[in-house]
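# Breakdown of the fold
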Amino acid sequence: MSKPVANRVRPVPAQGLISNRESERADLVVVANRLPVQHSSSNGSEGWRPSPGGLVSALTAVLQSRNGLWIGWSGTSEHQDAPLTFEGIRLKAVNFSKAEFDDFYLGFSNATLWPLYHDAIRAPTFHRAWWQTYSNINMRYAIAAAESVAPGGSVWIHDYQLQLVPQMLRQLRPDVRIGFFLHIPFPPIELFMQLPWRREILAGLLGSDLIGFQVRQAASNFSRMARRQSSATGTDSSLDFHGRVIRVGAFPISVDCEQIVALANDPTIRARAREIRKDLGDPELVLLGVDRLDYTKGIQQRIKAVSELFQDGSLSADKHIMVQVAVPSRETDAHYDLERHSLEQIVSEVNGEHGLVGRPTINYLHQNLPFEELVALYLAADIMIVTPFRDGMNLVAKEYVMCRTDLTGRLVLSEFAGAAAELGGAFMVNPHDLEGIKEAIRLAIIVGPKEEKDRMSRMRRKIVRRNVYDWAESFLAALQQTGS
Ligand code: F6P
């Protein structure tokens, strides 16, 4: 059982008690829930490995060029021996106990904020004890940042788990520039108002000099909310709060285009893509879904749509196949466990009804695949289906598009993914509209080669204009201009 709330509140240290030697402090500090390394014990060997993804590469690159340091959680309460450096940057681990993990990570971050910020697709749960731990853990990150940043340096805080850190850090270190980027959506006023601690979260974020969101709508939701529930005044892009100016804007995140194109052109990966199609039985058409197994991703809805297309004869089991990769995620959370079970039941029903011997209609993988294998799948797929009910950006959609160097391939995309603002060449769907998803897939099946190519080149042009490195540099450039 966790301790009573009152005993768990950690006092705010007085200013001036920050102890690290100044010479050891970093000019730029990234503060994120997780470190860029994760502990794993796969293939018989135990150890720390780099976390996959373009975000880690981009942030590592900006830290390497700026005497940087990364603060984050090691991802485990068992192994508290996280490395002190990674690819030339310094790391500082923030550790939590099992009880804190339950209240901070599973509780307030992923059972209160996550559903609330994703259109309340599942009812958010509000617990005062979770809030208290969220606040305590945010203070732990803020202290770690205050101890690590050089005088006049910059701190870039990431995501919904750490929304109180900007204000806490400002109290500890008023001399530093503070940027915050929210990777997930910021909800409309009507939903955010449900949060019993809405004023505290707003005040937390308003401790920043620059607040970045994935899309303009989220930035505007936030600024409107701040004007309504705090003393902030101003516009959607600039707020005055307690005598300071806070810039607010959209900084759509992207992918590492060069790395993806290089992998997509790699002869071994192209051969693997051909092998995948062969293993699937050389179908005429491969449909693909790749998602973290999360109830926000609309995976079940998509499988239902595909199932009905098999039912009505638009798809047929001897010619068409779908591959669905569901990457295991937050497995100790009951909502995620339930989502997995319902999804697996639907997949097995569809396969039972429409599959042939040796040929399932849905080839389902509940696995964490290496990125090279995902690229091979992207190359093997004729149609990629991305149908989240709400998503901050959705990098899978951008990865698929970047892999299609020969300009073939069709993307069916939810209009509620941040990526929809940039990927106008996709077949857009309302993920709540089953008939709409079916119609978009039908259109994607029959589209002619010229239109397919036009759509794909439009999307690729948009993405290559701003890769994930440009995203990081543009945020930091905007942060540098604040307060001047
Ligand atoms: O999209 C928000 C995010 O926190 C990502 O940063 C992360 O990759 C994903 O959700 C899964 O998060 P976690 O495993 O840390 O809960």
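Figured I'd write up the structure that's included with this text.

Analysis parameters
- Residues numbered from 1 in each chain as written.
- Predicted model: local features only at pLDDT ≥ 70, side-chain atom pairs only at ≥ 80, totals over all residues.
- Heavy atoms only, no water.
- Helix = DSSP H or I, 4+ residues; strand = E, 2+ residues; numbered from the N terminus.
- Expected span 1.5 Å × (residues − 1).
- Buried < 20%, exposed > 50% of the residue type's maximum accessible area, 1.4 Å probe, protein only.
- Arc of directions from axis to C-beta.
- Contact = heavy atoms within 4.5 Å.
- Polar contact = N/O pair within 3.5 Å; in protein donor to acceptor, adjacent residues only side chain to side chain.
- Core = buried A, V, L, I, M, F, W, Y, C linked by side-chain atoms within 4.5 Å.
- Domains from an automatic or database assignment.
- Axes fitted to C-alpha atoms, helices over the stretch in contact; angles between N-to-C directions.
- Parallel < 35°, antiparallel > 145°, perpendicular 65-115°, else oblique.
- Left-handed = near helix turned anticlockwise from the far one by under 90°.
- Nonpolar A, V, L, I, M, F, W, Y, C, P; charged D, E, K, R; others polar.

## Quick notes on helix α12 (residues 334-354)
- If you check α12, its first and last C-alpha atoms are 30 Å apart, about what 21 residues at 1.5 Å a residue would give, namely 30 Å.
- Taken together, the buried positions of α12 are Tyr 336, Glu 339, Leu 343, Ile 346, Val 347, Val 350, Asn 351 and His 354. End-on view of α12: buried residues confined to an arc of 130°, all on one side of the axis. Facing away from the buried side of α12 by more than 90 degrees, the exposed set consists of Ala 334, Leu 338, Gly 352 and Glu 353.
- At its buried positions, α12 is contacted by α3 (98-117), β13 (285-292), α11 (299-311), β14 (320-327) and β15 (362-365).
- Sitting at the head of α12, Asp 333 places a side-chain oxygen 2.7 Å from the backbone nitrogen of His 335.

## Quick look at helix α14 (residues 395-403)
- Taking burial as the measure, the nine residues of α14 include eight buried ones, the bulk of the element.
- The inward-facing, buried residues of α14 abut α9 (257-264), β13, α13 (371-380), β16 (383-386), β17 (410-414) and α16 (449-464).
- Capping of α14 at its N-terminal end is provided by Asn 394; its side-chain oxygen lies 3.2 Å from the backbone amide nitrogen of Val 396.

## A short note on the environment of Gly 88
- By secondary structure assignment, the location of Gly 88 is in the loop between β5 (85-86) and β6 (89-94).
- Look at Gly 88 and you get exposed, because its relative accessible area is 74%.
- With 23 residues separating them in the primary sequence, Gly 88 and Ser 65 have C-alpha atoms 9.8 Å apart.

## Thoughts on the nonpolar core
- In this structure, Trp 70, Tyr 378, Met 384, Leu 411, Leu 413 and Trp 471 are the most contacted members of the largest nonpolar core, which totals 70 residues.
- Looking at which element gives the most residues to this core, the answer is α13, with seven residues.
- Three or more residues apiece are contributed to this core by two domains, here domain 1 (22-254 + 469-480) and domain 2 (257-464).
- Apart from the residues lying within four places of it in its own chain, the contact partners of Trp 471 are Leu 55, Leu 59, Trp 156, His 158, Phe 181, His 183, Phe 251, Pro 252, Ile 253 and Arg 466.
- Formed by 68 residues, the second largest nonpolar core is a distinct cluster that contains Val 29, Ile 137, Ala 146 and Tyr 336.

## Considering the packing of helix α4 (residues 128-148) against helix α5 (residues 165-172)
- Interhelical geometry of α4 versus α5 gives an angle of 45° and a closest axis separation of 9 Å. In terms of axis orientation, α4 runs oblique to α5. For the pair α4 and α5, the sense of crossing is right-handed. Along the contact surface, α4 presents Ser 135, Asn 138, Met 139, Tyr 141, Ala 142, Ile 143, Ala 145 and Ala 146, while α5 presents Val 165, Met 168, Leu 169 and Leu 172.
- Classifying every residue of the contact of α4 with α5 by side-chain character gives ten nonpolar, two polar and no charged.

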